[in-house]
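Results of the structural survey
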Amino acid sequence: MDTRQLKTFIAIAEHGTFAKAAEAVGLTPSAVSQQVQALESEVRGELFDRSTRPITLNAHGLQMLEAARTLVRDADNIIDAISGRAVSGTFTIGSVRSSALSLLPSAIVALKADYPDLRIKLHVANTDELLNDVMSGRLDCAMVAEYSGIPSALRWHPFINEPLLVIGPAGTPKMSGLEMLSSMPYVRFNSKFRLAQIIETELAKTGIVPNLIAEIDTIASVVSCVIHGLGVSVVPWIALRDVAVPIVSVPFGEPQVLRPIGLLERRAGTRIAIIDRLHQHLSRLSAPYGIAR
């Protein structure tokens, strides 16, 4: 299958007409039409509903579009790797909605400096959705916490093993994390994400029943509540990375609870060099808790 035909097909889907697609790929409308005919002949079926104006993709066309994008991206990646030419195209990163997301903007800026011709897209979703998108090739990689259900076709490399901390407002008397949690109002991180489960499990082990004052579903809001004196809470180290105001923090758990976060990718993926570089930046930004690949 000719990747030029696939690129033309993708251009039609994105621009809506043969004429606009022809302009985008640098061909005449007649040449675009010929490429579409050749592609439809090869797949032995029509890909467009020609009864509409402008024409639209039919069910087969929509199915073909996803496959075409994957094939073109993989082909370009392989050519980049073998030829040594400047890396270009689109690199799509996924991430969960957690405090770790705060690391990605700086890492993406650094990655863009390494590969100026690379277009980088960020997609935020839950872990299960990210796993499926990496499996299908819709994402090149995804940033997720340690996950026990990773299929054999994927691999996960941690870039940080971050500690969890009990935090309190400035001026909190010096005491252990357990003493803070048992004696002061507690701001609970209430979420479906695994981080909340880790915190609740460790709290249950201690036998402490905190004096609950609030339940918040984002870590950033939890930190804000603590800073303003509402109570104490448990958060990952990353959540305090960009906090500029004074805050008290002590280890959570005995021994201290650690949370590994890493990059999920396909074992047969073609963008290993870019993912390696992204991992390096994330590990550097995670110092002193970063992990080399």
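What this report covers is the structure whose coordinates are included nearby. All values derive from a computational prediction rather than experimental measurement. (Residues numbered from 1 in each chain as written. Predicted model: local features only at pLDDT ≥ 70, side-chain atom pairs only at ≥ 80, totals over all residues. Heavy atoms only, no water.)

Overview of the overall build of the chain
Rules: Helix numbering and strand numbering both begin at the N terminus, where a helix is a DSSP run of H or I of at least 4 residues and a strand a DSSP run of E of at least 2. For a compact globule the rule gives 2.2 Å times the number of residues to the power 0.38, and the radius of gyration it is set against comes from C-alpha atoms. Exposure is judged per residue with a 1.4 Å probe applied to protein chains only, and the accessible area is read against the type maximum: over 50% gives exposed, under 20% gives buried, and values in between give partly exposed. Whether two residues are in contact is decided by their heavy atoms, any of which lying within 4.5 Å being enough. His is not counted here, nor are the chain ends, while Lys and Arg score as positive and Asp and Glu score as negative. Where a charge lies is defined by one atom per residue type, namely NZ (Lys), CZ (Arg), CG (Asp) and CD (Glu).
What the chain contains, in helices and strands, is ten helices and eleven strands. For a compact globule of 293 residues, the expected C-alpha radius of gyration is about 19 Å, and the chain comes in at 24 Å, more than 25% above that figure. Each of the three principal axes of the chain carries a C-alpha extent, and together these read 80 × 40 × 35 Å. Here the chain holds 293 residues, and 44% of them are scored as buried. Look at the contacts in the chain between residues 6 or more apart in sequence, and 72% of them connect residues 24 or more apart. Averaging the positions of the 28 positive and the 28 negative side-chain charges in the chain gives two centres separated by 3 Å.

Section: helix H2 (residues 18-25)
What counts, and what does not: Each C-beta atom gives one direction from the helix axis, and the arc is the one those directions make.
Buried within H2 we find Phe18, Ala21 and Ala22. Summarising the axial view, the buried residues of H2 lie within an arc of 105°, below the 170-degree limit, and thus occupy one face. Here the buried face of H2 lies against helix H1 (3-15) and helix H3 (29-43). Of the residues one or two after H2, Gly26 is the one with positive phi, at around 75°.

Looking at helix H5 (residues 104-114)
Turning to H5, its buried residues are Leu104, Ala107, Ile108, Ala110 and Leu111. Buried residues along H5 cover an arc of 165° about the axis, so they all sit on one side. The outward face of H5, more than 90 degrees from its buried face, is lined by the exposed residues Val109 and Ala113. In this structure, the buried residues of H5 make contact with strand S3 (89-95), strand S4 (118-124), strand S5 (141-145) and helix H10 (272-285).

As for the layout of surface pockets
Selection rule: Buriedness for pockets is judged along seven lines, at least five of which must meet protein on both sides within 12 Å for an open set on the 1 Å grid over protein atoms alone, while cavities are sets there where a 1.4 Å probe fits but cannot get out, and lining residues have an atom within 4 Å of a point. Grid points are joined across faces, edges and corners, and a volume is the space filled by probe spheres set on the points. Here the nonpolar group is Ala, Val, Leu, Ile, Met, Phe, Trp, Tyr, Cys and Pro; Asp, Glu, Lys and Arg are the charged ones; every other residue, Gly included, is treated as polar.
Of the pockets and cavities examined, the largest pocket occupies roughly 750 Å³. What lines the largest pocket is a set of 22 residues, and nearest its centre among them are Ile10, Glu14, Arg69, Arg73 and Thr90. If you list the elements that add at least two residues to the lining of the largest pocket, you get H1, helix H4 (59-83), S3 and S4. Its residues assigned to classes, the lining of the largest pocket shows six nonpolar, six polar and ten charged.

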